[in-house]
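The chain contents come next:
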Amino acid sequence: MSFADRLNEIRVGFARAFWVANVTELFERLAYYGASAVLAIYLTEQLHFSKELAGWMIGIFGFVVWFLPVLGGTLADRFGFRRALMFAYLVMTVGYFLLGSLSAPWMRSVRAAAGDKWLVFGILMIPALGPAVVKPCVAGTTARASAENVRSIGYSIYYTLVNIGGTLGPVVAWLVRKRLGWGMENVFRVSALSVFLMFLVTLIFFQEPVRSDEKKVASVADALRNMFVVLGNFRFVLFLVIFSSFYVVFWQEFISAPMFLRGYVDPNANADLLLSIDALTVICFQILVSYLTRKIPAFPAMTLGLLISSLSWLILAIYPRTLGLVAALIVLALGEITQSARYYEYISRLAPSGQQGLYMGYAFLPIALGYFVAGPLGGYLLHEFGDVLHRPQQMWWVITGVGILGAILMVIYDRIFKPGKDQVAGAKG
């Protein structure tokens, strides 16, 4: 097939809903990562929360963001992608706007009555609900609005746009906060504007894609019942728990790293801008790393990725400077690239025959569990090593140790259970 024929195949292979959904996903990721880039600093420097409390709040926030897509997909299937996306973008608009309005005069009476701790926690839960619906909607639209011969390209476009949004979000946060001088609060308001515009785009341009013939979960109750079915698989749950160690290490990028940099290295550092390095590294090196690791089986690739990302934080332990964080984020991203594509392949091998779709829905759980642990752990380590022991850089040895322990447990797990070997043997027989 010629290059021109391939371009024409791509041009006619995607329905309009595909492009609309994926463009809105780009701006949703921009809003999410823009807000995440300043959230830890906002809680500690603007609202004067302790490091432990800020870490705890961010951990719960991230857990909700990454845990709920399992149920969010069920709601999207029942009510339609268009209505689900519109609802999600409106919810995020309200949540981000309220986060950016905490210091507004009209919020003073509410803050006095509710108290900052629980008010901020409640507001954080509002935008956390949005991605739980957006993610399965965009992924589902990509499947339904793509012709079979270009579907793999469709997912490549989807992941590329996600990383572009992840790169632009921290950059926009820095521009709003520093270059334009609008302050940290307006970063959240710009995020609110971004997702509100995507509500309008969905309302005007999105057409519900034709449903596929695949069987869907009938109700939220069925989804909850399926959750207990999955959780009854000890081998699978054990893997999820072990692999969540990767995300305990990874999410420190948005939790403890900004507070460490601003609190113990340079109080004027542009931590938000630096957080664009991860996604930018993924965009630049995804193809190269995928090519270099193409012959490595899924499990060793995942273990290698976990190990690389874990060791990345030693750079900051040995060289606690802004440049050290830049180097750490690049290495962290290389570890992420090494394991990310193989992770879903590995989960598909763990799933019993006929239940691959159900089990793939739980691929988000280690991300959620990792966030849940990473938040309180990062806040505690920052306080203990920074405020108490006055050796803040030593906290990164602990973070690295968590990742190395996870890698060791994964090796032990694979030696004991050997997932996928029985399926391969059966196929040969």
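Residues numbered from 1 in each chain as written. Predicted model: local features only at pLDDT ≥ 70, side-chain atom pairs only at ≥ 80, totals over all residues. Heavy atoms only, no water.

1. Examining the environment of Gly165
Here is the rule we go by: Labels follow the DSSP assignment, with helices taken as runs of H or I lasting at least four residues and strands as runs of E lasting at least two, numbered in each case from the N terminus. Contact criterion: two residues are considered in contact whenever any of their non-hydrogen atoms come within 4.5 Å of each other.
Turning to its location among the elements, Gly165 is positioned in helix α8 (residues 151-179). When the C-alpha atoms of Gly165 and Gly34 are compared, they prove to be 9.0 Å apart, with 131 residues separating the residues in sequence. Once residues lying within four places of it in the same chain are set aside, the contact partners of Gly165 are Leu26, Arg29 and Leu30.

2. Points about the nonpolar core
As a reminder of what qualifies: Nonpolar core, defined: a set of buried Ala, Val, Leu, Ile, Met, Phe, Trp, Tyr and Cys residues in which side-chain atoms within 4.5 Å join the residues together. Three exposure classes are used, based on accessible area relative to the maximum for each residue type with a 1.4 Å probe and protein chains only: buried under 20%, partly exposed in between, and exposed over 50%.
Ranked by internal contacts, the top residues of the largest apolar core, which has 121 residues, are Leu43, Trp66, Leu102, Phe239, Trp251, Trp313 and Trp396. Here this core takes 16 residues from helix α2 (residues 16-46), the largest share from any one element.

3. Section: the packing of aromatic side chains
Heads up, the rule is: Each Phe, Tyr or Trp ring (for Trp, its six-membered ring) is paired with any other whose centre lies within 6.5 Å, and the angle between the two planes then decides the class: stacked below 30 degrees, edge-to-face above 60, tilted in between. The criterion is that NZ of a Lys, or CZ of an Arg, lies within 6 Å of the ring centre and within 35 degrees of the ring normal, and then a charge sits over that ring.
For the structure shown, the criterion picks out 34 aromatic pairs. Summarising the aromatic geometry, the rings of Tyr32 and Tyr33 are spaced 4.9 Å apart at their centres and angled 85° between planes, so their arrangement reads as edge-to-face. Classification of Tyr32 by relative accessible area gives buried; the value is 1%. Summarising the aromatic geometry, the rings of Phe246 and Phe250 are spaced 5.8 Å apart at their centres and angled 15° between planes, so their arrangement reads as stacked. One end of the pair is Phe246 and the other is Phe250, both in helix α11 (residues 234-250) and four residues apart, which spans about a single turn. An identical accessibility class is assigned to Phe246 and Phe250; each is buried. Here the guanidinium or amino end of Lys117 rests over the ring plane of Trp56, the centre of that ring lying 5.9 Å away.

4. Topic: the environment of Met395
Note that Met395 resides in helix α19 (residues 395-417). The buried category is assigned to Met395, whose relative accessible area is 0%. As for Met395 and Ser256, which are separated by 139 residues in sequence, their C-alpha atoms are 9.7 Å apart. Beyond its immediate stretch of four places on either side in the chain, Met395 contacts Ser256, Phe260, Gly378, Leu381, Leu382 and Phe385.

5. Observations concerning the side chain of Thr167
This is how it is decided: Two N or O atoms form a polar contact when they lie within 3.5 Å of each other; inside protein one atom must be a possible hydrogen donor and the other a possible acceptor, and for residues adjacent in sequence the pair counts only when both atoms belong to side chains.
The residue Thr167 is located in helix α8 in this model. Taking the relative accessible area as the measure of exposure, Thr167 reaches 10% and is therefore buried. Within polar-contact distance, the side chain of Thr167 engages the backbone nitrogen of Leu280 at 3.2 Å. The residues touching Thr167, leaving out its near neighbours within four places in the chain, are Ser276, Ala279, Leu280 and Ile283.

6. So, unusual backbone geometry
If you check the backbone angles, His48 has positive phi at about 60° while not being a glycine. Within the fold, His48 resides in the loop between α2 and α3 (51-67). Look at His390: it is not a glycine, yet its phi comes out positive at around 60°. With respect to the helices and strands, His390 occurs in the loop between α18 (365-388) and α19. Note on His390: relative accessible area 61%, which makes it exposed.

7. Focus: α3
Selection criterion: Helix span, expected: 1.5 Å multiplied by one less than the number of residues in the helix.
For α3, with 17 residues, the first-to-last C-alpha span of 24 Å sits near the 24 Å given by 1.5 Å per residue. Summarising burial for α3: 13 of the 17 residues are buried, a large majority.

8. Looking at the environment of Ile408
Position of Ile408 relative to the elements: it lies in helix α19. On the accessibility criterion, Ile408 (45% relative accessible area) is partly exposed. In this structure, the C-alpha to C-alpha distance between Ile408 and Ile242, residues 166 residues apart in sequence, is 9.6 Å.

9. Details of the confidence of the model for the protein
Low pLDDT means the predicted atomic positions in that stretch should not be read closely. Threshold: The predictor reports its confidence for every residue as pLDDT, a score running from 0 up to 100.
Overall, the prediction assigns the protein a mean pLDDT of 87, with 89% of residues at 70 or greater. When mean pLDDT is compared element by element in the protein, helix α9 (residues 185-205) scores highest at 97, while helix α20 (residues 421-428) scores lowest at 41. Below a pLDDT of 50 lies the segment residues 422-429, which in the model reaches two contacts outside its immediate sequence neighbourhood of four places, other chains included.

10. Quick notes on the pattern of salt bridges
Put simply, the test is: One side-chain nitrogen of Lys or Arg within 4 Å of one carboxyl oxygen of Asp or Glu is enough to make a salt bridge.
For the coordinates displayed, the defined rule picks out five salt bridges. A salt bridge links Arg29 to Glu28, with the shortest nitrogen-to-oxygen separation between them at 2.8 Å. With a relative accessible area of 0%, Arg29 lands in the buried category. Taking relative accessible area as the criterion, Glu28 reaches 0% and is therefore assigned buried.

11. So, the packing of α2 against α8
Each pair of packed helices gets described by two things: the angle between the helix axes and the distance between those axes. What counts, and what does not: Axis geometry follows a simple rule: fit a line to the C-alpha atoms, using only the stretch in contact for helices, then measure angles between N-to-C directions, giving values from 0 to 180 degrees. Crossing handedness is defined as follows: a turn of the near helix away from the far one that is anticlockwise and smaller than a right angle gives a left-handed crossing, while the clockwise case is right-handed. In this classification, the charged set is Asp, Glu, Lys and Arg, the nonpolar set is Ala, Val, Leu, Ile, Met, Phe, Trp, Tyr, Cys and Pro, and all remaining amino acids, among them Gly, are polar.
Running from N to C, α2 and α8 cross one another at 35°; their axes reach a closest spacing of 7 Å. The handedness of the crossing between α2 and α8 is right-handed. Of the residues that constitute the contact of α2 with α8, the class distribution is 16 nonpolar, six polar and two charged.

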